[in-house]
Amino acid sequence: DTAVSQTPKYLVTQMGNDKSIKCEQNLGHDTMYWYKQDSKKFLKIMFSYNNKELIINETVPNRFSPKSPDKAHLNLHINSLELGDSAVYFCASSQRGGRRTYEQYFGPGTRLTVT
Amino acid sequence: AQSVTQLGSHVSVSEGALVLLRCNYSSSVPPYLFWYVQYPNQGLQLLLKYTSAATLVKGINGFEAEFKKSETSFHLTKPSAHMSDAAEYFCAVTEYSSASKIIFGSGTRLSIRP
């Protein structure tokens, strides 16, 4: 009965490779997010989709490309991986209410290590 | 724009002692406020939320937080710390905008001494 799931949980790859992380939520929420958490635990929002429409696109290298095939899924593709991309990536979902969103529910995270 | 500030990147208390984690917010509109907990190697879990109802909010695992508008604070407390409370805690506020981001604080690491 996992609410927000991500695959894979661990990803070890070499510089220059391309990789994808998948996320799915079964909460019926209309908004999904990608966050990057660095080694100091700082959470940085990267992208957000509301009903398959991109609504947040923070200052992220264009090597990162999100894709939302439907409102229950949000994937993250990363091209030409660099050492600085090593981090934990979290997917989250929430339900919007007008100009605010309610609480977000997080996936277990994907620990990406670039060597 | 909304923001949150967590005072103290690391708090250490003895088992059985009071836990107090501080959070101050800035918002030009009535805020929605949250506390999340992150255990090692896990995702963030919602502890409690304030959405303009009762000012004293009770959450899971014996935690509670009080919304104080006059002090722009939303501090998290627990009367008696357990070893299992050791984790990273994040305060957050919902942005009031078309994008509807949640703005997270920088986190406070809670350590429990035996």
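Residues numbered from 1 in each chain as written. Chains lettered and ligands numbered in written order. Predicted model: local features only at pLDDT ≥ 70, side-chain atom pairs only at ≥ 80, totals over all residues. Heavy atoms only, no water.

K.L.:
So what about unusual backbone geometry? Which residues, and what values?
P.N.:
Omega for the bond connecting Thr7 of chain A with Pro8 of chain A falls within 30 degrees of zero, at -5°, which places this linkage in the cis form. Tracing the sequence through the fold places Pro8 of chain A in the loop between strand E1 (4–7) and strand E2 (10–13). One non-glycine residue with positive phi stands out, namely Lys52 of chain A, at about 75°. Taking relative accessible area as the criterion, Lys52 of chain A reaches 49% and is therefore assigned partly exposed. Positive phi, close to 60°, is recorded for Asn61 of chain B, a residue that is not glycine. Residue position: Asn61 of chain B is located in the loop between strand E6 (56–58) and strand E7 (64–68). (Helix = DSSP H or I, 4+ residues; strand = E, 2+ residues; numbered from the N terminus. Buried < 20%, exposed > 50% of the residue type's maximum accessible area, 1.4 Å probe, protein only.)

K.L.:
Got a sec to walk through the sheet that holds E7 of chain B? Specific residues and values, please.
P.N.:
Residue and element names in this part refer to chain B. In spatial order, the strands read E1-E3-E8-E7-E6; together these five strands make up an open sheet with antiparallel pairing. Looking at which strands have only one partner, the edges of the open sheet turn out to be strand E1 (3–7) and E6. Within the sheet, the average angular offset between the axes of one strand and its neighbour, ignoring direction, is 20°. Bridging between E7 and strand E8 (residues 73–78) involves five bridges; their strand directions are antiparallel. Paired with Glu66 across the strands is His75, a residue of E8. (Pairing = 2+ DSSP bridges. Axes fitted to C-alpha atoms, helices over the stretch in contact; angles between N-to-C directions.)

K.L.:
Give me the sheet that holds E1 of chain A: which residues, what numbers.
P.N.:
All names here are of chain A. Spatially, four strands are ordered E1-E3-E8-E7 in an open sheet, and the strand pairing comes out antiparallel. Among the strands making up the open sheet, the edge pair consists of E1 and strand E7 (64–70). Going across the sheet, the axis of each strand differs from the next one's by a mean of 20°, ignoring polarity. Inspection of the sheet shows strand E3 (residues 19–25) paired to strand E8 (residues 73–78) by four bridges, in the antiparallel sense. When the sheet's bridge partners are listed, Ser20 is paired in E8 with His77.

K.L.:
Summarise the interface of chain B and chain A; cite the residues concerned and give the values.
P.N.:
Contact with chain B, which involves 25 residues of that partner, is made by 23 residues of chain A. Between chain B and chain A the total buried area reaches about 2,200 Å² when both faces are included, carbon and sulfur atoms providing 55% of it. Its salt-bridge partner being Lys49 of chain B, residue Glu103 of chain A comes within 2.8 Å of it at the nearest N-O pair. Contributing elements (two or more residues each) for the side of chain B that touches chain A: strand E4 (33–38), strand E5 (44–50), strand E9 (87–94) and strand E10 (102–104) of chain B. Across the side of chain B that touches chain A, the residue classes break down as 13 nonpolar, eight polar and four charged. (Contact = heavy atoms within 4.5 Å. Buried area = accessible area lost by both parts, 1.4 Å probe. Salt bridge = Lys/Arg side-chain N within 4 Å of Asp/Glu carboxyl O. Nonpolar A, V, L, I, M, F, W, Y, C, P; charged D, E, K, R; others polar.)

The quantities given are spatial measurements derived from coordinates; they are silent on function.
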